[in-house]
Amino acid sequence: VISSATPDATFDALMMPTNQPMIVVTTAIDDERAGCLVGFHAQCSIEPRRYALWLSKANHTFHVANSASHFGIHFLGRANHDLAELFGGSTQDEIDKFARCEWSSGTAGVPLLTRCANRMVAKRVAQFDDGGDHVCVVVEPVEVVVHRGNASRLRLSEVSDIGAGHQPDEHLA
Ligand SMILES: Cc1cc2nc3c(=O)[nH]c(=O)nc-3n(C[C@H](O)[C@H](O)[C@H](O)COP(=O)(O)O)c2cc1C
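Let me begin by describing the structure that accompanies this report. Being a predicted model, the structure only gives us computed values, none of them experimental. (Residues numbered from 1 in each chain as written. Predicted model: local features only at pLDDT ≥ 70, side-chain atom pairs only at ≥ 80, totals over all residues. Heavy atoms only, no water.)

1. Observations regarding the pairing of strand β3 (residues 41–45)
We count it as follows: DSSP-based pairing: two strands are paired if at least 2 bridges between them are found. Secondary structure elements are defined from DSSP: runs of H or I of at least 4 residues count as helices, runs of E of at least 2 residues count as strands, and each element is numbered from the N terminus.
Note: β3 against strand β4 (residues 50–56), four bridges, orientation antiparallel. Within β4, the residue paired with A42 across the bridge is A52.

Structure below.
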């Protein structure tokens, strides 16, 4: 049995090998664009196809997402560490991320990151706040694009050098 000093540390040890792939979630309301790096996400229904992602209440993205209908969900490849750093290590509260990367405007104005060809635009069907520091957004795909290189995924262990632009507990302040 491997266990650590506290239940939280043991939980963290249990989660670590999951090493989830990283995505960038973007959204927009009119000219207000938002996007952040997300590690909490998974397919959550087969028929119909649905996807769940969890947004931190502390993030600029969360506040825009609350009023938005559509989301860009970009699966990062191993060549996209710089995008992970831009979207995960800085906040739109302080810089304009979209002035520092290539993007185009997609359905409902969702910013589509030019260098992330493996992606979907998805529409919110439900949102769930369990009282924790992240809120679950359930979406269904409306446009999906898969390109060569889809098997290359940038994973959590490869972005451990990035410090989040907002700490999740900031929403309590
Ligand atoms: C490795 C890593 C994983 C992250 N996972 C999530 C996540 O699952 N959900 C989320 O909302 N933020 C997550 N973040 C935090 C945001 O990407 C980060 O706070 C970002 O700077 C927020 O930008 P914004 O304020 O412009 O939305 C993660 C950050 C890192 C570095």
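Don't stop here, the text continues.
2. A closer look at the packing of aromatic side chains
How we decide: Stacked, tilted and edge-to-face are the three classes assigned to paired rings of Phe, Tyr and Trp, where Trp is represented by its six-membered ring and a pair needs centres within 6.5 Å; plane angles under 30 degrees give stacked, over 60 edge-to-face, the rest tilted. Here the term buried applies to any residue with accessible area under 20% of the maximum for its type, exposed to any over 50%, and partly exposed to those in between, with areas from a 1.4 Å probe on protein chains only.
Enumeration over the complete set of coordinates arrives at three aromatic pairs. For the pair Y51 and F75, a centre-to-centre distance of 6.1 Å together with 80 degrees between the ring planes defines the contact as edge-to-face. One end of the pair, Y51, is in strand β4; the other, F75, is in strand β5 (residues 70–75), and 24 residues separate them in sequence. By relative accessible area, which is 12% here, Y51 ends up buried. Judged by centre distance (5.9 Å) and plane angle (80 degrees), the rings of F98 and W103 are edge-to-face. Residue class for F98 comes out buried when judged on its relative accessible area of 5%.

3. Regarding the sheet that holds strand β8 (residues 119–128)
Strands belonging to one sheet form pairs held by backbone hydrogen bonds; the direction of such a pair is parallel or antiparallel. Applicable threshold: Interaxial angle, 0 to 180 degrees, is taken between N-to-C directions of lines fitted to C-alpha atoms, where a helix line uses only the stretch in contact.
Strand order in the open sheet formed by seven strands is β2-β1-β5-β8-β9-β4-β3, with antiparallel pairing between adjacent strands. What marks the edges here is a single partner per strand, and that holds for β2 (32–38) and β3. Direction aside, the axes of adjacent strands within the sheet are offset by 35 degrees on average. Bridge count for strand β1 (residues 23–29) against β5 is four bridges, and the pairing is antiparallel.

4. Things to note about the pattern of salt bridges
To keep it simple, the criterion reads: By definition, a salt bridge exists where a carboxyl oxygen of Asp or Glu is found within 4 Å of a side-chain nitrogen of Lys or Arg.
Evaluated as defined, the whole model comprises four salt bridges. The shortest N-O distance in the salt bridge between D82 and R115 comes to 2.9 Å. With D82 in helix α3 (residues 81–89) and R115 in the loop between β7 (111–113) and β8, this residue pair connects regions lying 33 residues apart in the sequence. On the accessibility criterion, D82 (41% relative accessible area) is partly exposed.

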